[in-house]
Amino acid sequence: MIKKILFVVLLIASVFVYKNYEDNILQLTVQRELVIYSDLDSKFVNLLADTFSKSKNINLKAMVLNELNGEKIQADIILTNSYALKSLARAGSLENMELTALNDIETNFKDINNAWTGIFYDPVVLLINQDFSRKYGQENLFDWDSLLKFDNIRIVLENFNNSILQQHLLAAFSSNMGEDEIIGYFSKLNSRVVQYSKYPFTPIRMVVSGDADVAITSRSYIAEYLENDFPAYVIQPKTGTPVTLYGAGIYKGTDSKEEALIFVDWLLNSPDVKNIILNLETGYEFVTVGNGNKLWLNTKYRPAADRNDLLNRWLNEVRFSNNKEENL
């Protein structure tokens with residue numbers, strides 16, 4: 001009888017100890033906090049962080065790079081454009097990641113040692129005025145060369161010297177079409193350009209108001225405006241187009257690599273991420289197997305000096321060849 005009582009007491013004690021252990025482990029997991037740095041839109045990054053935290057029970061704090069206000073917090077993850085990720089990888093600042101999902105990412109869209117991976121991209125597209133399209137036929141506007149078929153077409157685009165990412169887009173054009181060829185192309189297009197803009201929204205406004213027929217712009221700038229009554233539509237050139245690739249890496253020295261890997265895997269695989277991208281109307285698209293040859297990246301102008309040489313050639317031979325007015 002005494003042995004049975006002792007057995008029951010020990011059993012109850014064991015259950016109590018295990019329950020406390022399980023609760024402590026859960027509490028540690030909930031209290032663990034990852035920090036992610038990003039220069040993407042803060043609403044987008046914060047929603048990613050909140051959704052991940054709730055679904056995986058791992059706290060993730062988002063720190064937008066341009067809003068750090070002098071705070072120096074050791075980050076675990078970086079979410080940014082591929083050019084910044086490449087720079088970090090070359091400096092040895094990123095951990096190599098072992099994830100099965102990376103096998104499905106094409107070589108051009110990830111680091112050779114998996115120090116970073118591309119996840120989604122922002123393509124350069126053509127925003128076409130509906131009235132112009134009805135007049136000349138939507139079937140006649142489908143790629144870059146088709147813009148040269150119309151002598152009276154009015155085109156507007158952002159200056160390639162407005163930002164580093166704009167410079168990379170020009171370099172992506174040149175990497176895939178050839179430097180002489182792309183300078184020649186934009187020289188021909190120049191007679192049809194009515195404005196080179198200082199701000200990203202200007203090309204959209206001009207097409208919507210009817211002051212231009214086509215805008216060369218990034219999908220992310222216009223995605224939120226594309227409703228049924230919008231007087232313009234978007235096409236992505238069928239032959240290929242420059243893109244800004246965005247991806248993630250894990251900082252070397254993090255003490256939460258396992259949790260950071262869970263986040264990167266979640267970015268690559270979770271339907272929640274796709275829903276966020278769609279519902280926020282970001283305009284981003286996911287990198288998928290087989291579409292790499294139609295997505296152009298800067299592969300030939302990695303040093304800043306090389307990009308500056310290309311940019312100066314564009315400025316001298318195209319942009320200021322006939323002193324077009326800059327729209328603010």
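Being a predicted model, the structure only gives us computed values, none of them experimental.

1. Let's talk about the environment of Ser 187
Mapped onto the elements of the fold, Ser 187 is located in helix α6 (residues 179-190). Ser 187 sits in the partly exposed class, given a relative accessible area of 32%. In this structure the C-alpha to C-alpha distance between Ser 187 and Arg 319, which are 132 residues apart in sequence, comes to 8.4 Å.

2. A closer look at the nonpolar core
Grouped together as the largest cluster of nonpolar side chains are 53 residues, with contacts concentrated most on Phe 44, Leu 48, Leu 60, Phe 120, Phe 263 and Leu 267. For this core, the leading source of residues is helix α9 (residues 257-269), giving seven residues. Once residues lying within four places of it in the same chain are set aside, the contact partners of Phe 120 are Leu 40, Phe 44, Thr 244, Leu 245, Tyr 246, Ile 277, Tyr 284, Glu 285, Phe 286 and Val 287. Formed by 35 residues, the second largest nonpolar core is a distinct cluster that contains Val 124, Trp 144, Val 214 and Leu 310.

3. Comments concerning helix α11 (residues 304-319)
When α11 is considered as a whole, its buried residues turn out to be Arg 307, Leu 310, Leu 311, Trp 314, Leu 315, Val 318 and Arg 319. Viewed end-on, α11 has its buried residues packed into an arc of 140 degrees, placing them on one side of the element. For α11, the exposed residues lying more than 90 degrees away from the buried face are Asp 309 and Asn 316.

4. Details of the pattern of salt bridges
Pairing between side chains of opposite charge can happen when the charged atoms of each approach one another. Under the definition given, this model contains eight salt bridges. The shortest N-O distance in the salt bridge between Asp 213 and Arg 154 comes to 2.9 Å. Linking Asp 213 in the loop between α7 (201-209) and β7 (214-218) with Arg 154 in the loop between α4 (130-136) and β5 (155-158), this pair joins segments that are 59 residues apart in sequence. We classify Asp 213 as buried; its relative accessible area is 6%.

5. Description of the side chain of Asn 298
Its location among the elements puts Asn 298 in the loop between β11 (295-296) and α11. Owing to a relative accessible area of 0%, Asn 298 belongs among the buried residues under this scheme. Within polar-contact distance, the side chain of Asn 298 engages the side chain of His 168 at 3.0 Å. Among the polar contacts made by the side chain of Asn 298, one reaches the main-chain amide nitrogen of Tyr 301 at a distance of 2.9 Å.

6. Side note on the environment of Lys 110
Mapped onto the elements of the fold, Lys 110 is located in the loop between α3 (82-90) and β4 (116-129). When sequence neighbours within four positions are dropped, the list of residues in contact with Lys 110 reads Leu 102, Asn 103, Ile 105, Trp 116, Thr 117 and Gly 118.

Thresholds, definitions, all that
Residue numbers here run from 1 along each chain, matching the order of that chain's written sequence. Local features in this predicted model are restricted to residues of pLDDT 70 or higher, and side-chain atom pairs are both shown and tallied only at a pLDDT of 80 or more, whereas totals for entire chains, interfaces and linings draw on every residue. Hydrogens and waters are ignored; side-chain quantities use all the structure's heavy atoms. A run of H or I in DSSP counts as a helix once it spans at least four residues, and a run of E counts as a strand once it spans at least two, with each numbered from the N terminus. Only protein chains enter the accessibility calculation, which uses a 1.4 Å probe; a residue is then buried when its area is under 20% of its type maximum, exposed when over 50%, and partly exposed in between. In plain words, nonpolar cores are sets of buried Ala, Val, Leu, Ile, Met, Phe, Trp, Tyr and Cys residues tied together by side-chain atoms within 4.5 Å. The criterion used for residue contact is that any of the two residues' heavy atoms lie within 4.5 Å. What the arc describes is the spread of directions from the helix axis to the C-beta atoms. Salt bridge criterion: a side-chain nitrogen from Lys or Arg within 4 Å of a carboxyl oxygen from Asp or Glu. Nitrogen and oxygen atoms within 3.5 Å of one another constitute a polar contact, given that in protein one can donate a hydrogen and the other can accept it, and given that sequence-neighbouring residues count only through two side-chain atoms.

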